[in-house]
Structures are given as C-alpha cells and as structure tokens.
Amino acid sequence: MIILAVVFAVLGAASNAMGTAFQRKAAANQPRGGGLRLVLALAHRPAWLLGIGGVIGAAFFQALALTNGPLALVQPVFILELPFALLIGLPLLHRTMPVTGWYAIGSVVAGLVLLLGCAAPHGGTSQATAARWTPAVALCLATMGLMVLIARRARSSLLRATVLGFAAAVGNALTAALLKSATRAFADHGPGAFFTSWQTYGFALTGMAALLLLENALQAGTLAASQPALTIGDATVSLLLGVFVFQERLHLGWLVLPELLGVALIAAGVLALTRAVPHIRDLAS
C-alpha cells in the first residue's frame with residue numbers, strides 16, 4: 001500500500017508540474033491584473049486548458065495516493081513537482097538549463113528520499129474529530145488570507161509571487177487533508193457518505209481557492225519565486241496537518257540527524273534551482 005501511495009504521488013507531482021508549466025505559459029503574456037478576470041481570460045487559451053487537464057490528473061493521482069498512504073508521506077513527495085516543472089517547462093518555453101540546475105535537481109531528489117526514508121510517516125487515521133479539524137482549518141484559512149493581504153500591499157513582484165505561492169501551498173495542503181478524509185468516506189461507505197461529508201465540499205472550495213491563488217502567483221512573478229514557495233510550503237503544511245489532524249507518526253530519535261540532512265539537501269537544491277533559473281538560455285543560443 002505504501003509503495004502504491006508513493007507511485008501515485010510521483011505521478012501526481014509530474015501531472016501537476018505539467019499543469020503548472022502550461023498555465024505559466026498561458027499566464028506569461030497576460031496583462032497585469034488578477035482575480036477572477038484573469039482566470040476568465042486564460043480560459044480561452046489552449047495552453048491553459050492543457051494545464052487544467054494536468055491539475056485534474058494530479059488530483060486523481062493524489063486521491064489514489066492518499067487512499068493508500070498517510071498525508072505526511074504523500075504530500076512531501078509533491079516536492080518533486082519543482083524539478084518536474086523545470087524539466088517539462090523548459091522545453092515548452094524553448095529553454096535549456098545550466099549544469100548547476102541538474103545538480104540541484106539531484107540534491108532535491110536525494111534529500112527527499114533521505115528525509116522520507118528515515119522519517120517513514122506511518123499510522124494515523126483517515127478521519128478526525130471536530131476538535132482537530134476546527135483549529136486546523138481556521139489557521140490555514142487565516143494564513144491564506146494574511147498572505148493575500150501582504151500580496152495586495154507589496155510593491156515587489158518577487159514578494160507578491162512568493163506569498164501568493166505560499167498561500168496556494170497552504171490551500172493545496174488543506175485540500176489534500178480534506179480530500180483524504182472524503183475519499184476514505186467513499187471507500188468505506190460509498191457515494192452517499194462521500195456526498196454528505198462536509199469534507200467533500202470543503203476540498204472543492206479550498207481547491208478552487210488554491211487554483212485561483214496559483215494563477216495569480218504565476219502571473220505576479222517568475223516561476224523561480226512562486227514554485228519553491230508552493231512546493232516546499234505544501235510539503236511542510238501537509239506534514240503538520242498529517243501529524244496534528246490525522247495523528248500520523250514519524251520516526252525520530254537518532255534518525256532526526258539524517259532527516260535534517262535530507263531537509264538541508266532539499267533546501268540547498270531549491271536554492272540552487274532558484275539561482276540557476278535566471279541563467280536559463282534559449283535553445284538557439
């Protein structure tokens with residue numbers, strides 16, 4: 001079951017990266033402005049529709065992964081969305097990456113394998129009490145609102161893209177947590193339980209909010225600004241939700257040392273990728 005969860009999570013990360021790359025291609029040439037008007041304008045672009053197809057595919061794989069494994073395991077795998085987004089997006093935009101970028105991708109992958117291999121998230125439950133859901137949902141929504149407020153007042157495009165990317169990450173993590181609960185209700189009790197569960201409508205609403213935030217993050221600044229905040233934020237918040245809401249457990253003790261090394265490799269890889277992106281060249285050059 002854990003192997004299936006990891007496989008589906010990797011497929012979900014690749015599909016979401018494809019969606020992000022095509023959405024970025026569609027949003028890049030849009031005039032300044034955001035909100036629902038931006039989404040309506042993008043809806044007429046084939047690249048954006050392909051991007052939405054990637055997002056839908058990612059949601060399908062994510063649901064399968066969450067059905068087979070803990071949230072604290074599945075969502076951190078989505079860190080792979082960052083290197084996948086570059087691997088897919090660069091050829092799409094007719095760009096090539098410097099050698100340092102490839103080393104950075106290797107660092108992210110190695111760090112993720114080391115972190116999850118040592119932490120080995122396990123146990124927990126697919127359902128949670130209202131006493132656990134209420135503060136978790138409230139804190140996530142408050143964080144998303146705060147990030148939007150900061151973005152509206154920010155003059156720097158880098159800051160806007162970063163905070164909107166993190167807001168989308170929190171929305172994605174909360175959506176995944178609600179999706180896990182809803183899909184378990186479907187698996188255990190059928191469609192009736194799925195459509196009468198508040199988590200079903202919760203993940204639909206938070207998912208749409210996260211998508212809207214992502215569109216505005218991609219339009220506000222470069223992929224190098226929004227993507228790290230999106231992927232790392234999603235993994236971090238999801239791990240916290242898995243532990244707090246679903247009572248999932250991690251291997252700690254002396255394994256904290258290699259786990260911290262894994263985190264360091266991921267952080268170093270993401271930082272190197274961020275620095276490598278400005279040096280991406282045209283394929284013709």
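Details of the structure are given in the entry above.
The notes below deal with the structure included here. (Residues numbered from 1 in each chain as written. Predicted model: local features only at pLDDT ≥ 70, side-chain atom pairs only at ≥ 80, totals over all residues. Heavy atoms only, no water.)

1. A word on the overall build of the chain
Next up, step 1: Looking only at helices and strands, the chain has 12 helices and two strands in total.
Next up, step 2: Helices and strands appear in the chain in the N-to-C order α-α-α-α-α-β-α-α-α-α-α-α-α-β.
Next up, step 3: Buried residues in the chain amount to 51% of all 285 residues.
Next up, step 4: Only carbon and sulfur atoms are counted for the fraction: they give 73% of the accessible area of the chain, which is about 13300 Å². (Helix = DSSP H or I, 4+ residues; strand = E, 2+ residues; numbered from the N terminus. Buried < 20%, exposed > 50% of the residue type's maximum accessible area, 1.4 Å probe, protein only. Areas by Shrake-Rupley, 256 points an atom, 1.4 Å probe, with all protein chains shown as cover.)

2. Overview of the pattern of salt bridges
Next up, step 1: Enumeration over the complete set of coordinates arrives at one salt bridge.
Next up, step 2: Here D188 ties to R184 by a salt bridge, and the two come within 3.3 Å at their closest N and O atoms. Note that D188 and R184 are positioned in helix α8 (residues 157–189) at a spacing of four residues, about one turn of the helix.
Next up, step 3: On the basis of relative accessibility, which here comes to 22%, the residue R184 falls in the partly exposed class. (Salt bridge = Lys/Arg side-chain N within 4 Å of Asp/Glu carboxyl O.)

3. Some details on the packing of aromatic side chains
Next up, step 1: Across all of its chains, the model carries six aromatic pairs by this definition.
Next up, step 2: Each ring, one from W133 and one from W198, has its centre 5.5 Å from the other, and the planes form 85 degrees; the classification is edge-to-face. Here W133, found in helix α7 (residues 130–153), pairs with W198, found in helix α10 (residues 198–220); they are 65 residues apart in sequence, far enough to count as distant.
Next up, step 3: Overall, the relative accessible area of 3% leaves W133 in the buried class.
Next up, step 4: Owing to a relative accessible area of 46%, W198 belongs among the partly exposed residues under this scheme.
Next up, step 5: Through a chain of ring-to-ring contacts, the aromatic side chains of F186, F194, F195 and F203 assemble into a single cluster.
Next up, step 6: R132 extends its terminal NZ or CZ atom over the ring of F244, reaching a point 5.6 Å from the ring centre. (Phe/Tyr/Trp six-rings, centres within 6.5 Å; stacked < 30°, edge-to-face > 60°. Lys NZ or Arg CZ within 6 Å of the ring centre and 35° of its normal.)

4. Description of the nonpolar core
Next up, step 1: Judged by nonpolar contacts, the single largest core of 62 residues is most densely connected at L71, V74, W133, L241 and L273.
Next up, step 2: Element by element, the count of residues in this core is highest for α8, at 14 residues. (Core = buried A, V, L, I, M, F, W, Y, C linked by side-chain atoms within 4.5 Å.)

5. Notes on the side chain of S15
Next up, step 1: By the element assignment, S15 lies in helix α1 (residues 2–27).
Next up, step 2: Those residues in contact with S15 that lie beyond four places of it in its chain are G54, V55, G57, A58 and F61. (Contact = heavy atoms within 4.5 Å.)

6. Concerning a nonpolar patch on the surface
Next up, step 1: Together, L146, L149, I150 and L159 make up an exposed nonpolar region whose accessible area comes to about 310 Å².
Next up, step 2: Mapped onto the elements, L146 comes out in helix α7. (Patch = residues over 30% accessible without salt bridge, like charges linked within 9 Å, V, L, I, M, F, W, Y side chains within 5 Å.)

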